[in-house]
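Topology and contacts: notes
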Amino acid sequence: MTVESTAARKPRRSAGSKTGTTGAKATGTTGTKRAGRAAAKGDGTQLVQLLTPEGKRVKNAEFDPYVAGVTPEELRGLYRDMVLTRRFDAEATSLQRQGELGLWASLLGQEAAQIGSGRATREDDYVFPTYREHGVAWCRGVDPTNLLGMFRGVNNGGWDPSSNNFHLYTIVIGSQTLHATGYAMGITMDGADSAVLAYFGDGASSQGDVMEAFNYAAVYNAPVIFFCQNNQWAISESNEKQTRVPLYRRAEGFGFPGVRVDGNDVLASLAVTRWALERARRGEGPALIEAYTYRMGAHTTSDDPSRYRHDDERVAWEAKDPILRLRRHLEAAHHADEGFFAELETESEALGKRVREVVRAMPDPDRFALFEHAYADGHALVDEERAQFAAYQASFADAEGGN
């Protein structure tokens, strides 16, 4: 069984069409002067928000047209996407703690940014993720169990990127932005009207590769959207130690628009990404979206966030929970009843059970594979290290035999 979302995938648009995915005329094309006009924060930073933490719908003349056609059924679909993605993520975290996975990078708290932006893409668009875009993978039709092989150490990816236009996870920080830019330049040369979406985190924004990608994309007017999930922490380094200005404003120096969106608002994330993708398809070049969100858990399962951040910060962000926010809206608008939520809970548990079964049926990783491809022709030091590791592994067998 493959669990798929009820949120409808947008149809492929024929070349030359000038309408957005909602059918509304595209707006917000004058760059940073107009893009992102919404609620101003205390520091003057503009934050695009369509749903408040209490679930109240707020108006935004710039971006409302991009979600004007969203139906109650599609809203329920977005909610379902986030709930099932969170359930999958929780199961993967649990499996790592049980020794079934070597590592896991949780998306807890970032569901709205990923589902909203992922559902904004068309089938012919191409996505370049980092290693935490489990929600985007879900939107692109990648079976969630295929994400786990790499983290178990039994493969280098687990899916065919060309089948879903969703690239393999990228562990090297920031390099995928260059790959995305090159791919987008190729799309332009081919005359296609597709667009490219590149994900990275706030920490990756400090990498030189990202700046180079910004520059190439701007100079060549590449149809690529840079989607930065600013979850406030680059492992243990806060935003204050990374940048002196809001991240979305970095786009100004390269000559393309930047927008900061409430990354815990799935509707706003959907609208802003649709805006950016549509302007890219019209030949208006790249854009930077900074999804302002929060990493509720650890950076990865090898991290201990209690060593560098306070619980009161996490508690404050829990009040902005993306799933609770949309549920409040659905209930207030009478778009969903208790039967819907109960049925989704049953489906969620079924997904968790399937994930457990699939992972536990996977083979054990080859513990010596890491020594095989370090050098093409072998190396004396690697041979020595392999022998030391073999002796270390054998010591466990000796201990078990002694008991």
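Just so it is clear, the structure is predicted and the values come from calculations on it, not from any experiment.

1. Let's talk about the overall build of the chain
Secondary structure summary: the chain contains 12 helices and nine strands in total. Residues counted as buried form 53% of the 403 residues belonging to the chain. Summing over all exposed atoms, the chain offers an accessible surface of approximately 18000 Å²; the carbon and sulfur share of this is 51%.

2. Points about the pairing of strand 4 (residues 196-201)
By the criterion of burial, strand 4 is predominantly enclosed, with five of the six residues buried. As paired strands, strand 4 and strand 5 (residues 224-230) are joined by six bridges and run parallel to one another. By the bridge assignment for strand 5, Gly-201 is matched with Gln-229. Viewed along the sheet, the connection from strand 4 through helix 7 (residues 208-219) into strand 5 turns out right-handed.

3. A word on the nonpolar core
Most often, soluble globular proteins have nonpolar side chains that are buried together. Membership of the largest hydrophobic core comes to 67 residues, with the highest contact counts inside it found for Tyr-79, Leu-148 and Leu-326. The element that contributes the greatest number of residues to this core is helix 8 (residues 266-281), accounting for 10 residues. When sequence neighbours within four positions are dropped, the list of residues in contact with Leu-148 reads Phe-88, Ala-92, Leu-101, Trp-104, Val-355, Val-359 and Met-362. Phe-200, Val-210, Ala-213 and Leu-247 belong to the second-largest nonpolar core, a separate cluster that totals 22 residues.

4. Some words on a nonpolar patch on the surface
Together, Tyr-216, Val-219 and Tyr-220 make up a nonpolar patch on the protein surface, roughly 350 Å² of accessible area in all. Mapped onto the secondary structure, Tyr-220 falls in the loop between helix 7 and strand 5.

5. Some words on helix 1 (residues 72-97)
Between its first and last C-alpha, helix 1 extends 38 Å over 26 residues, near the 38 Å set by a 1.5 Å rise per residue. Looking one or two places after helix 1, you find Gly-99, whose phi comes out positive at around 90°.

6. Let's talk about the packing of aromatic side chains
On inspection of all chains with the given rule, the structure shows 28 aromatic pairs. Both rings, one in Tyr-292 and one in Trp-317, keep their centres 6.0 Å apart while their planes meet at 45°; by these two values the pair is tilted. Of the two residues, Tyr-292 is situated in strand 9 (residues 287-292) and Trp-317 in helix 9 (residues 311-318); the sequence distance between them amounts to 25 residues. Considered together, Tyr-292 and Trp-317 belong to a single accessibility category, that of buried residues. Measuring from ring centre to ring centre gives 5.0 Å for Tyr-392 and Phe-396, while their planes differ by 85°; the resulting arrangement is edge-to-face. Residue Tyr-392 and its partner Phe-396 are both found in helix 12 (residues 380-402); the two are separated by four residues, about one turn of the helix. The class for Tyr-392 is partly exposed, based on a relative accessible area of 47%. Cluster of aromatic residues (ring-pair linked, three or more members): Phe-88, Trp-104, Phe-151, Trp-159, Phe-166 and Tyr-169. It is Arg-327 that lies over the ring of Phe-341; its NZ or CZ is 3.7 Å from the centre.

How each quantity is defined
- Residues numbered from 1 in each chain as written.
- Predicted model: local features only at pLDDT ≥ 70, side-chain atom pairs only at ≥ 80, totals over all residues.
- Heavy atoms only, no water.
- Helix = DSSP H or I, 4+ residues; strand = E, 2+ residues; numbered from the N terminus.
- Buried < 20%, exposed > 50% of the residue type's maximum accessible area, 1.4 Å probe, protein only.
- Areas by Shrake-Rupley, 256 points an atom, 1.4 Å probe, with all protein chains shown as cover.
- Pairing = 2+ DSSP bridges.
- Right-handed = clockwise from strand over helix to strand, strands pointing away.
- Core = buried A, V, L, I, M, F, W, Y, C linked by side-chain atoms within 4.5 Å.
- Contact = heavy atoms within 4.5 Å.
- Patch = residues over 30% accessible without salt bridge, like charges linked within 9 Å, V, L, I, M, F, W, Y side chains within 5 Å.
- Salt bridge = Lys/Arg side-chain N within 4 Å of Asp/Glu carboxyl O.
- Expected span 1.5 Å × (residues − 1).
- Phe/Tyr/Trp six-rings, centres within 6.5 Å; stacked < 30°, edge-to-face > 60°.
- Lys NZ or Arg CZ within 6 Å of the ring centre and 35° of its normal.

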